[in-house]
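One-letter residues, chain by chain:
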Amino acid sequence: MDDPLCITTGNTFVLKAASMTPMTAIRMLELLIEAGLPKGVVNLVTCSRNEAEILLTHPDVNGVSFVGSTSTGRQVYKTAAAHGRGSSPLRGQEPRPGAKGRGPAQ
């Protein structure tokens, strides 16, 4: 999860929970709130692919990061790049959909 980098640079973070395992993301958010993170700094959405597309194309979204399957990752980065959010390496690595390395699209 890239929220520590996002938050330390003064941004908020929207976590789109995995459709098959949303309880993991819900629990992570609960733990962050229990640890003292103010509400609203990290936000959670559970939705289908169609609604997730809104996050990739919305003008207020400045960056996108993805960890998951290669096919979905390619679609995420393609859509983000088409809306002015080209991929940018994180920690010196190229974004690799499907790999467990992360790469934000800025």
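Everything numeric in this text was worked out from a predicted model, so none of it was measured. (Residues numbered from 1 in each chain as written. Predicted model: local features only at pLDDT ≥ 70, side-chain atom pairs only at ≥ 80, totals over all residues. Heavy atoms only, no water.)

This part covers the side chain of Thr 79. Relative to the elements of secondary structure, Thr 79 occurs in helix H4 (residues 70-82). A polar side-chain atom of Thr 79 sits 2.9 Å from the main-chain carbonyl oxygen of Gln 75. Apart from residues no more than four positions distant in its own chain, Thr 79 is found in contact with Glu 53, Leu 56 and Thr 57. (Helix = DSSP H or I, 4+ residues; strand = E, 2+ residues; numbered from the N terminus. Polar contact = N/O pair within 3.5 Å; in protein donor to acceptor, adjacent residues only side chain to side chain. Contact = heavy atoms within 4.5 Å.)

On to the environment of Ala 80, then. Along the polypeptide, Ala 80 turns up in helix H4. According to the relative accessible area criterion, Ala 80 is buried, its value standing at 0%. In the structure, Ala 80 is positioned 17 residues away from Gly 63 in sequence and 8.3 Å away in space, judged by C-alpha atoms. (Buried < 20%, exposed > 50% of the residue type's maximum accessible area, 1.4 Å probe, protein only.)

Quick look at H4 now. The first and last C-alpha atoms of H4 sit 18 Å apart over 13 residues, in line with the 18 Å expected at 1.5 Å per residue. Of all the positions in H4, only Gly 73, Val 76, Tyr 77, Thr 79 and Ala 80 are classed as buried. Mapping the buried residues of H4 onto a view down its axis gives an arc of 165 degrees, with all of them on the same face. The outward face of H4, more than 90 degrees from its buried face, is lined by the exposed residues Ser 71, Arg 74, Lys 78 and Ala 82. Here the buried face of H4 lies against helix H3 (49-57). (Expected span 1.5 Å × (residues − 1). Arc of directions from axis to C-beta.)

With that settled, the discussion passes to the environment of Ser 19. Looking at the secondary structure, you find Ser 19 in the loop between strand E1 (13-16) and helix H2 (22-34). Classification of Ser 19 by relative accessible area gives exposed; the value is 53%. Separated by 29 residues in the primary sequence, Ser 19 and Ser 48 have C-alpha atoms spaced 7.0 Å apart. Separated by 3.3 Å, the side chains of Ser 19 and Lys 16 make a polar contact.

In this section: the nonpolar core. Residues Cys 6, Phe 13, Leu 15, Ala 17, Ala 25, Leu 29, Val 41 and Val 42 constitute the largest nonpolar core, which totals eight residues. Setting aside residues no more than four positions away along its own chain, Ala 25 makes contact with Leu 15, Ala 17 and Leu 44. Listed in part, the six residues of the second largest apolar core include Leu 56, Val 76, Tyr 77 and Ala 80. (Core = buried A, V, L, I, M, F, W, Y, C linked by side-chain atoms within 4.5 Å.)

Turning our attention to the confidence of the model for the chain. Counting all residues, the mean pLDDT for the chain is 76, and 76% of those residues have values of 70 or more. Across the chain, H2 holds the top mean pLDDT of 92, while helix H1 (residues 3-8) sits lowest at 74. Segment residues 88-106 is flagged for pLDDT under 50; beyond a separation of four residues in sequence, or across chains, it makes 57 contacts in the model. (pLDDT = per-residue confidence, 0-100.)

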